[in-house]
Structure formats: C-alpha cells, structure tokens
Amino acid sequence: MADPIYQFKIKELIPLEIFETNISYTNSSLFMSLSIILVSLLLLVSIKKKSLVPSRLQSVSEIFYEFIANMVSDNIGDKGHKFFPLIFTLFTFLLFGNMLGMLPYSFTFTSHIIVTFVLAMFVFLLVTLLGIFIHGFKFFGLFVPKGVPMVMLPLMIPIEIISYLSRPISLSVRLFANMMAGHTMLKIFAGFIVPLGIFGIAPLMVDVALTALEVLIAFLQAYVFTILTCLYLNEAINLH
Amino acid sequence: MPQLEIATYPSQIFWLVVSFVTLYLIMSRIIIPRISSVIKNREDEIKNNIYASEKIYKETKIINDELDKVREDTETEAREIINSLKETTNKKISQNYNVLKEKLEKKLQKNEQEILKNKKKVLKEINAISLNLSDEILKKISIKNKKKNKIKLIINKNLKEIKNDINQ
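The residue numbering used here restarts from 1 in each chain and proceeds along that chain's sequence as written. For naming, the first written chain is A and the first written ligand is 1, with later ones following in the order written. With pLDDT at 70 or above as the cut-off, local features in this predicted model cover only qualifying residues; side-chain atom pairs require 80 or more to be listed or tallied, and sums for whole chains, interfaces and linings still use all residues. Only hydrogens and water are set aside when side-chain values are computed; all heavy atoms of the structure are taken into account.

Student: Help me understand the overall build of chain A, please; the structure alone is not making it clear to me.
Tutor: On a plain count of helices and strands, chain A comes out with 7 helices and 4 strands. Principal-axis analysis of the C-alpha atoms places the extent of chain A at approximately 65 × 55 × 45 Å. Burial classification: accessible surface area is computed with a 1.4 Å probe over protein chains only, and a residue below 20% of its type maximum counts as buried, one above 50% as exposed, and the rest as partly exposed. Here chain A holds 240 residues, and the buried ones make up 45% of them. Counting contacts in chain A only where the partners sit at least 6 residues apart, residues at least 24 apart contribute 66% of the total. Only carbon and sulfur atoms are counted for the fraction: they give 74% of the accessible area of chain A, which is about 12500 Å². Each helix is a run of DSSP H or I of at least 4 residues and each strand a run of E of at least 2, with the numbering of both proceeding from the N terminus. Should any heavy atoms of two residues lie within 4.5 Å, those residues are considered in contact. Exposure was quantified through the Shrake-Rupley algorithm and a 1.4 Å probe, taking into account, for residues, occlusion by the shown protein chains and nothing else.

See the structure below:
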C-alpha cells in the first residue's frame, strides 16, 4: 500500500539557488502558479464582455466579487474598503489551492504548515501593526475585556494575550490540518480499494463520499481563513 | 512527514510570496477594477434609468396639468362665447320685437284712425242716406206731411240712438 503521506512530498522540478538558499521550483510552486493562472484566467475571461446584463459566465466573477465585498462590508465596514483586494486575493488563492488539491495526482500547497503559517503570520503582523498604527497604545486595550471585575483582570489579561498571540498558530493549523487530514484519509481509503478486490467497492463508496465532503471543506476552510482575517482586521481598525 | 522538512521551507516561502504578490497585483490592478466598473456601470445605468423615469413622470405631470388648464380655459371660453351669443341673440330678439311692436302699433293706430275716419264719414252720411231712404219710402207709401215730420223725428231719434251705440 502506498504511503498516505507520500502525496505531500515536495519534489524539485527546477533546481534554483540564491545566496546559498535552495529556492527550487517545486510541485508546490507549480500548483501555486496554476492556482493564480487559473483564477486569473477564469475571472478575466468571465468579465471580458462587460455586459450590462451578466451572462452565466460573467456572473461567476460578479458573484466572487459580491461575495467578498459583502464579507468585507459586513465584518469591517466602510473602512475595510482598502483591504478588499487583499481579502479577495487571499480567498481566491486559498480556494483555488484547496480545490486544485482535490484533483487526483495533484498537490495541495495549503496542506503544508509553512505555507499556511506564513499567510497567517502575514495576517497577524498586518493586523497588529495596523492596530498600533491606527490606535497607538490604546490598541492594547484589546487585551482588557469589558465588564470584567478588577479582581479577575490579572487572570484575564494573560489569557487574552495568549489567545491573541496564538492566532497565527490556530489560523494556520486549522487550514493545514484540515487539508492534510482530509487528503490523508482519502489516500488511506483509496489504498484499500484494490487489495480488497470485489469488497473494494466499500472503501470506494467511502472515498466518493469523502471527496464530496473534502470539496465542501476546501471551500469552507478558504472561507474560514478569509472571514477570520476580516474579523481580525475589524478589531484592528474599529477596536470594539 | 514532508511538512516538517525544514529544508523545503525557503523554497515554499519564496514561491508563496511570489505567487501571492503576483496574484495580488493581478487582482488589484486588473481584475477587481474591471469587475467593479461593470457593477458600477450597472448601478449607474439603473440610477440613470430611475432618474430618467422620474423626469419623464414629472414631465408627463406637467403636460397633464397643462392639458387640464387648456381644457378648463377652453371650457370657460366656450361658456363665455355661448353666454355672449345668448346675450346678443336676446338683444336682437328684443330689438326686433320692439321694432315689430312699434310697427304693429303704428299700423294699428293708422288702422284705428282710418276706422274712426270711416266711422265719422259713415255717421255723417248715415243721416242723409237714412233721410233720403225714408223720403223715398214715404213717397212710395204717400203719407201726409204732418205725419212725415213725425216720422222724421222718430228716425232722427233712432239715428241718434244708433250713433250713440256706435260711438260707445
């Protein structure tokens, strides 16, 4: 039986090295490139005609646009307009990365902790710096929950700080773990199909069902990552 | 576990940053402006159409008001014309009536005068004629003069009575 972890293996496609650091073009890089090419092509082609009454194809980009625009305006408000391109990019990048990973023999770059961690860290640093830039020292009032008795504060403030600092970890692990677990499970069940012979129909059915679930999760995790980014940005901008 | 192979991290981070920045640039510079322009155009078009329909509605209202005004004006004008025509016709009728009345009265007077004249003439002549007639009758029946005078007196008396009757 094939190793279910093998699918996450990074393979060098084009060896590359700068400043004695290996930055080879790998299968992960390939699927990142594919994601951005596919999403760009899809949106560019669908918005090409710019018709007043949208065709089905044009509705695709408009639905993407309005989905993210609503998310930004609902969670951040008017001030979130500046971050719309970032949120849009984040969502489409993650969604296409996750969805491309659903194709057999493909690679899921979001199943690597380093990728999700870098993205989460980027969001975390952006939110923190933005908060300090906008509100100055007041931003740290975020760690003092409202309506809590003074006696509780010595306990609550460290908890709040820890939960704030663990945001990049929870954000990155949530996405990475979901993608990795799902793909591993698919692979494990797929590994049973051929050895079981005629009874292999059972794990096959499970795999079909799991694939449907994974498609849902692929969308859901991209959505969760994006909406949490929105919520964090909202805290930094509007400081509840 | 391939996720923990730290040797692959620099490459993944590098290509992630490259891909993400590329996608961000494509989205923010090309795709998002295009989609938002399409949506904005549609909203503008809808707004313009609503504005235009409101304008047309207002114009229709103005035209309707004008129409109503014109109708009212025409009605009052027509009423005035009818009234003035009535008045002039009434005037003419009364004028003609008066003229006719005068003419009739004149004619009546003239006729009455003529009648009166004829009456006088007749009354004047009636004496002589009746006397002549009595004479003739008396001649034929040959009555004596004495009686003649008596008869004449009776005739005159009767004549007077007749005259009085006529005059009355």
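Next comes the rest of the account.
Student: It is not clear to me how the interface of chain B and chain A should be interpreted in this structure. Could you clarify?
Tutor: For interface size, the figure often reported is the accessible area lost on association. If you look at the interface, chain B gives 33 residues, while chain A gives 48 residues. Buried area between chain B and chain A, summed over both chains or domains, comes out near 3700 Å², and the portion from carbon and sulfur atoms is 78%. The term salt bridge refers to a side-chain nitrogen of Lys or Arg lying within 4 Å of a carboxyl oxygen of Asp or Glu. At the surface where chain B touches chain A, the tally comes to 1 salt bridge. The closest approach of N and O atoms between glutamate 62 of chain A and arginine 42 of chain B, which form a salt bridge, is 2.7 Å. Identification of polar contacts relies on pairs of N or O atoms within 3.5 Å, with a donor-acceptor requirement for protein atoms, meaning one able to donate a hydrogen and the other able to accept it, and with residues adjacent in sequence counted only if both atoms are side-chain atoms. Here chain B and chain A share 5 residue pairs in polar contact (both at pLDDT 80 or more) between them. Class assignment of the residues belonging to the side of chain B that touches chain A gives a composition of 19 nonpolar, 10 polar and 4 charged. Two parts placed together each lose some accessible area under a 1.4 Å probe, and adding up what both lose gives the buried area. All amino acids are sorted into three groups, where Ala, Val, Leu, Ile, Met, Phe, Trp, Tyr, Cys and Pro are nonpolar, Asp, Glu, Lys and Arg are charged, and the leftover types, Gly among them, are polar.

Student: Before we go on, may I ask you to explain helix 4 (residues 113–135) of chain A in this structure?
Tutor: Side chains of residues three or four places apart in an α-helix project in the same direction, reflecting 3.6 residues per turn. With 23 residues, helix 4 of chain A extends 32 Å from end C-alpha to end C-alpha; this agrees with the ideal 33 Å at 1.5 Å per step. Listing the buried residues of helix 4 of chain A in full gives Ile113, Ile114, Val115, Thr116, Leu119, Ala120, Val123, Phe124, Val127, Thr128, Leu130 and Gly131 of chain A. On the buried face of helix 4 of chain A, the contacting elements are helix 1 (27–46), helix 3 (84–100), helix 5 (153–165), helix 6 (167–193) and helix 7 (201–238) of chain A together with helix 1 (9–141) of chain B. The span expected for a helix works out to 1.5 Å for each residue beyond the first.

Student: Explain the side chain of serine 28 of chain A to me, please; I cannot follow it from the model alone.
Tutor: Inspection of the secondary structure assignment puts serine 28 of chain A in helix 1. When neighbours within four sequence positions are excluded, serine 28 of chain A is seen to be in contact with Ile10, Phe107 and Phe109 of chain A together with Gln12 of chain B.

Student: What is the right way to look at the environment of methionine 99 of chain A in this model?
Tutor: Residue and element names in this part refer to chain A. With respect to the helices, strands and loops of the structure, methionine 99 is situated in helix 3. A C-alpha to C-alpha distance of 9.5 Å links methionine 99 and leucine 216, two positions 117 residues apart in sequence. Not counting residues within four places of it along the chain, the set of residues in contact with methionine 99 comprises Val215, Ala218 and Phe219.

Student: What is the right way to read the pattern of salt bridges from this model?
Tutor: Any two side chains of opposite charge can pair, on the condition that their charged atoms come close. Residues and elements named next belong to chain B. Tallied over the full model, the rule gives 4 salt bridges over all chains. Aspartate 44 serves as the salt-bridge partner of lysine 40, at 3.4 Å between the closest nitrogen and oxygen. On the criterion of helical spacing, the pair formed by lysine 40 and aspartate 44 is a turn pair, its members being 4 residues apart in helix 1. Residue lysine 40 is classed as partly exposed on the basis of its relative accessible area, which comes to 49%.

Student: So what exactly am I meant to see when it comes to the packing of helix 6 of chain A against helix 7 of chain A here?
Tutor: Helix axes use the C-alpha atoms of the stretch in contact, all axes being lines fitted to C-alpha atoms, and the angles between their N-to-C directions lie in the range 0 to 180 degrees. Two numbers describe how helix 6 of chain A lies on helix 7 of chain A: the axes approach to 10 Å, and their chain directions differ by 175 degrees. Classified by the interaxial angle, the pair formed by helix 6 of chain A and helix 7 of chain A is roughly antiparallel. Working rule for angles: under 35 degrees goes down as roughly parallel, over 145 as roughly antiparallel, 65 to 115 as roughly perpendicular, anything else as oblique.

Student: What exactly am I supposed to notice about the nonpolar core here?
Tutor: Side chains that are nonpolar tend, in soluble globular proteins, to be buried together. We define the nonpolar core as a collection of buried residues of types Ala, Val, Leu, Ile, Met, Phe, Trp, Tyr and Cys that are connected through side-chain atoms lying within 4.5 Å of one another. If you look at the biggest cluster of nonpolar residues, it comprises 69 residues, and the most contacted ones within it are Ile68, Ile87, Phe88, Phe93 and Phe225 of chain A together with Met27 of chain B. Going through the elements one at a time, helix 1, helix 2 (56–75), helix 3, helix 4, helix 6 and helix 7 of chain A together with helix 1 of chain B are the ones with two or more residues in this core. Contacts of methionine 27 of chain B, omitting those with residues within four sequence positions, involve Val39, Leu43, Phe88, Thr89 and Thr92 of chain A together with Ile32 and Pro33 of chain B.

Student: Could you clarify how one ought to interpret the packing of helix 2 of chain A against helix 3 of chain A in this entry?
Tutor: Each pair of packed helices gets described by two things: the angle between the helix axes and the distance between those axes. All names here are of chain A. One can describe the packing of helix 2 onto helix 3 by two numbers: an axis separation of 10 Å at closest approach and a directional angle of 125 degrees. One way to sum up the angle between helix 2 and helix 3 is to call them oblique. Where helix 2 crosses over helix 3, the two elements pack in a sense that is right-handed. Residue-level contacts link Phe64, Tyr65, Phe67, Ile68, Ala69, Met71 and Val72 of helix 2 to Phe84, Ile87, Phe88, Phe91, Thr92, Leu95 and Phe96 of helix 3. Put simply, a crossing is left-handed when the front helix is turned counterclockwise from the back one by less than a right angle, and right-handed when it is turned clockwise.

Student: I'm lost on the packing of aromatic side chains in this one. Help?
Tutor: In this description, a pair of aromatic rings is defined by centroid distance and the angle of the planes. Ring geometry is summarised as follows: Phe, Tyr and Trp rings, the Trp one being its six-membered ring, pair when their centres sit within 6.5 Å, and such pairs are stacked at plane angles under 30 degrees, edge-to-face over 60 and tilted between the two. Tallied over the full model, the rule gives 15 aromatic pairs over all chains. Ring geometry for phenylalanine 67 of chain A and tyrosine 223 of chain A: centres 5.6 Å apart, planes at 35 degrees, overall tilted. Of this pair, phenylalanine 67 of chain A sits in helix 2 while tyrosine 223 of chain A sits in helix 7; the two residues are 156 residues apart in sequence, bridging distant segments of the chain. According to the relative accessible area criterion, phenylalanine 67 of chain A is partly exposed, its value standing at 30%. A ring pair is formed by phenylalanine 14 of chain B and tryptophan 15 of chain B, whose centres lie 5.1 Å apart and whose planes are at 80 degrees; its orientation type is edge-to-face. Overall, the relative accessible area of 33% leaves phenylalanine 14 of chain B in the partly exposed class. Tryptophan 15 of chain B sits in the buried class, given a relative accessible area of 15%. An aromatic cluster of three or more residues is present, and its members are Phe64, Phe67, Phe91, Phe219 and Tyr223 of chain A.

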